[in-house]
Amino acid sequence: MFEEASEVLENMLKWSLPLSLVLFLVLLRAEAAHEFSVYRMQQYDLQGQTYGSRNAILNTEARTVEAEVLSRRCVMMRLADFSYEKYQKALQQSAGAVVIILPQNMSTMPQDIVQQFMELEPELLATETIVPVYFALEDEELLSIYTQTQISSSSQGSSSAAEVLLHTATANGFQMVTSGAQSKAVSDWAITSLEGRLTGAGEDLPTIVLVAHYDSFGVAPWLSYGADSNGSGVAILLELARLFSRLYSYKRSHAGRYNLLFFLSGGGKFNYQGTKRWLEDNLDHTDSSLLQDNVAFVLCLDTLGNSDNLYLHVSKPPKEGSPQHILLKELETVVAHQHPELKFSMVHKKINLADDTLAWEHERFGIRRLPAFTLSHLESHRSPARHSIMDKRSVSSSLEGAGEATAGPHVDLTKLSRNTKVIAETLARVIYNLTEKGVSGDLEIFTEQMQVQEDQLASLLDWLTAQPRAAQLLDKDSSIVHTLEYYLNHYLKDVKRHLVRADKRDPEFVFYDQLKQTMNAYRVKPAIFDLLLAFCIASYLGVLYLAIQNFGLLYSFLRRVTSPRVKQH
Amino acid sequence: MTLFHFGNCVSLAYFPYFITYKCSGLSEYNAFWRCVQAGATYLFVQLCKMLFLATFFPTWEGAVGVYDFVGEFMKATVDLADLLGLHLVMSRNAGKGEYKIMVAAMGWATAELIMSRCIPFWVGARGIEFDWKYIQMSFDSNISLVHYIAMAAVVWMFTRYDLPKSFRLPVTILLGLCVYKGFLMELFVHVFLLGSWTALLVKAVLTGAISLCSLFLFVTLVHSN
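Since we're looking at a predicted model, the values are computed, not measured.

**Some words on the overall build of chain A**
Working step 1: Along the backbone of chain A there are 16 helices and 18 strands.
Working step 2: Considering chain A as a whole, with its 569 residues, one finds that 52% of them fall into the buried category.
Working step 3: Counting every atom, chain A has about 26600 Å² of accessible surface; 54% of that belongs to carbon and sulfur.

Given below as structure tokens:
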């Protein structure tokens, strides 16, 4: 039979063999049980120090923390069950990867879990690990995968041989595979900063600098939306730009006796790289710049979207009679007369150059001997709210109205606009010298047409928090930078970009890629299962063979059944 | 899931055909070439059916989930071409009745197996992901083998000139059942919302019933002379 078979096949398939080979060689990908986006933990080097997860690829079986054997497996954890001890346990047992599942809507999580996670974020980053750590947003299928994995993980090593056998036949294992490549350093990343100015009326005027950093930080770059820190700062800065540009161009008030310089700095969360380079370029390398001449003071805005506290952080208490002291006094006046519910105080913290990173943005200016403050509703720079992925524009605004405390840091629009008004009034009093002229503290300048527009603030904030603003994701061509530039151009003059690139030989900062991946979860069965199946198929085929061999029996049986009737005819 | 699983599925699907070929004594008749011819006829008939369906039947634009009974019924009617094809194969073959049937059925079923199962097995069963549907497909191909043998026998009986009058009706009914079996199966699945294994079982039972009836009629016919 085989000779003629080969003859026939040769004749028929001679022309189609190459085609069929091509067809068979095309390795189409099997469809996964579930495909979902995962966001990697931060990976960066700052001033030579490495932080975060070093690895990006994984191709391992999934387990949950309850399993006994965790080495070279992908450990899955839910935020509700997350704890630092479990994370450490997974790392110590040399797990292959860790995937932390976050709920879609953070407001469903209780306050204490959110708070605990926020405090753990810096610790997670501080321990440098070669294990890839991913975050995923939960959906139904992922949850079912997790529960199935949990059931099989917790039942390991506790049952008899028969149960194990049955288990292998019915249970589903999951293989987690990421599609990307290994992470590597991004070369030549440019951090962009934007500046713009409003010129005062007159010659040789002192300058007031207003600064806010526009990037955000969290344990996973693609999940850092930074609503309060520092989306609120950027929103206030842009609103101030709008108000003062109106004031300065309004014929009846004239421009004030101060120049205003607005600066949106990039790389703020990475030790204020944007500000640092900008200062170097302006003070060391250019001949004349507003910063070299008379600077009255620098006001940095950082996290002002909430709470009834206001802190003015200084590195040196201001001397009597200096412009800084005037600002301090005006702030106290405005708060006392116009917003008594606000609790204002000054916080004095010396610059500590021995620290890894600087505390507030004003310290950068302080190092260069420029008088600077940072205004914030946070008392300490170490507050977890400044670098958390939980800092989002609150999704369920319906819950807020009911008086429930929303989990995690968020922006309260009324308080944001109140803070904007306080800052605007204070600056106006300083610029136009109102206290000296005897204007009472109750006079509100920014009313009616010059009002602080809450809708404007709301839409700015919504736009800022619609996408993640981690410094690794915003290069000079990103839409956020372009839009900010466009906005500044609308109200200010001389809007310029300023780029920071890391030094080649001794980089201050290094970013890594592969921060967002697609993970596939494939349903797999253990190898024993294949053998079991092969055994079953072999026995089935054996039975079939016997049945066909003895087909004649059935035939003769039927014949005997029918033939008596035929004989009767 | 792996190459091993691929091997499992392929052996489950192909071995019964191999066994049937060997045990039915066709190999002694040098019938391999004739089986291949039957397979070629299968391909030709499928091509014609597809062209016909594509040309004359519009796509269903109704709501998803609503089963288009009339449309599917009309499409199943086109499967009458299968019967014509089988008849064509058998009429061109010389030889005794039983062997004609076996040759035609084997060739037809093997061609269907190769055409419709090879690619899914290669692509799907070899991947990382495990799915029970490949094992189900293999069982399904076993059931089709039996189904085609029964169908060929019924077609042969239908075209016999010496078929007794009393047999006409049962044979016609069986013929109809063979053609519309696919349609009936889909109907059952939709109406009773059967799971995949249950559907397979129902299919096996249905095919078994059809084939037993046709065997009964065949034996009666052949041995009444």
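**Focus: the pattern of salt bridges**
Residues and elements named next belong to chain A.
Working step 1: Considering all chains together, one arrives at 23 salt bridges over all chains under this definition.
Working step 2: Its salt-bridge partner being R197, residue D494 comes within 3.8 Å of it at the nearest N-O pair. Note that D494 is positioned in strand 16 (residues 493-501) and R197 in strand 9 (residues 190-198), a separation of 297 residues in sequence.
Working step 3: We classify D494 as partly exposed; its relative accessible area is 48%.
Working step 4: Of the charged contacts, one joins E508 and R277 as a salt bridge, the two residues approaching to 3.8 Å between their closest N and O atoms. Residue E508 is found in the loop between strand 16 and strand 17 (509-511), and its partner R277 is found in helix 8 (residues 273-285); the two are separated by 231 residues along the sequence.
Working step 5: A relative accessible area of 17% places E508 in the buried class.

**Some thoughts on the packing of helix 15 (residues 527-549) of chain A against helix 1 (residues 3-23) of chain B**
Working step 1: With their axes 10 Å apart at the nearest point, helix 15 of chain A and helix 1 of chain B run at an angle of 5° to one another. One way to sum up the angle between helix 15 of chain A and helix 1 of chain B is to call them roughly parallel. Here helix 15 of chain A contributes D530, L531, L533, A534, I537, Y540, L541, L544, Y545, I548 and Q549 of chain A to the contact with helix 1 of chain B, which in turn contributes F4, H5, N8, S11, L12, F15, P16, I19, T20 and C23 of chain B.
Working step 2: Partitioning the contact of helix 15 of chain A with helix 1 of chain B into residue classes produces 15 nonpolar, five polar and one charged.

**Quick look at the interface of chain A and chain B**
Working step 1: The partner chain B presents 39 residues to the 43 residues of chain A that form the contact.
Working step 2: When the two sides are added together, the surface that chain A and chain B hide from each other amounts to roughly 3600 Å², 75% of it contributed by carbon and sulfur.
Working step 3: The interface formed by chain A and chain B holds zero salt bridges in total.
Working step 4: Our enumeration of links across chain A and chain B arrives at two residue pairs in polar contact (both at pLDDT 80 or more).
Working step 5: Among the secondary structure elements, those contributing two or more residues to the side of chain A that touches chain B are helix 1 (2-13), helix 2 (17-25), strand 18 (516-524), helix 15 and helix 16 (551-568) of chain A.
Working step 6: In terms of residue count, helix 15 of chain A provides more of the side of chain A that touches chain B than any other element does, twelve residues in total.
Working step 7: Of the residues that constitute the side of chain A that touches chain B, the class distribution is 33 nonpolar, three polar and seven charged.

**Observations concerning the domain arrangement of chain A**
All names here are of chain A.
Working step 1: Per the domain assignment, the segments making up chain A are domain 1 (29-185 + 516-530) and domain 2 (190-393 + 408-501).
Working step 2: Relative to domain 2, the C-alpha centre of domain 1 lies at a distance of 40 Å.
Working step 3: Listed as interface residues are 23 residues of domain 1 and, on the opposing side, 22 residues of domain 2.
Working step 4: When domain 1 packs against domain 2, the two sides together hide about 2000 Å² of surface, and 68% of this comes from carbon and sulfur.
Working step 5: Here domain 1 and domain 2 share zero salt bridges between them.
Working step 6: For the interface between domain 1 and domain 2, the tally reads eight residue pairs in polar contact (both at pLDDT 80 or more).
Working step 7: Contributing elements (two or more residues each) for the side of domain 1 that touches domain 2: strand 1 (34-40), strand 2 (43-46) and helix 4 (111-126).
Working step 8: Tallying contributions element by element places helix 4 first for the side of domain 1 that touches domain 2, with nine residues.

Quick notes on the rules
- Residues numbered from 1 in each chain as written.
- Chains lettered and ligands numbered in written order.
- Predicted model: local features only at pLDDT ≥ 70, side-chain atom pairs only at ≥ 80, totals over all residues.
- Heavy atoms only, no water.
- Helix = DSSP H or I, 4+ residues; strand = E, 2+ residues; numbered from the N terminus.
- Buried < 20%, exposed > 50% of the residue type's maximum accessible area, 1.4 Å probe, protein only.
- Areas by Shrake-Rupley, 256 points an atom, 1.4 Å probe, with all protein chains shown as cover.
- Salt bridge = Lys/Arg side-chain N within 4 Å of Asp/Glu carboxyl O.
- Axes fitted to C-alpha atoms, helices over the stretch in contact; angles between N-to-C directions.
- Parallel < 35°, antiparallel > 145°, perpendicular 65-115°, else oblique.
- Contact = heavy atoms within 4.5 Å.
- Nonpolar A, V, L, I, M, F, W, Y, C, P; charged D, E, K, R; others polar.
- Buried area = accessible area lost by both parts, 1.4 Å probe.
- Polar contact = N/O pair within 3.5 Å; in protein donor to acceptor, adjacent residues only side chain to side chain.
- Domains from an automatic or database assignment.

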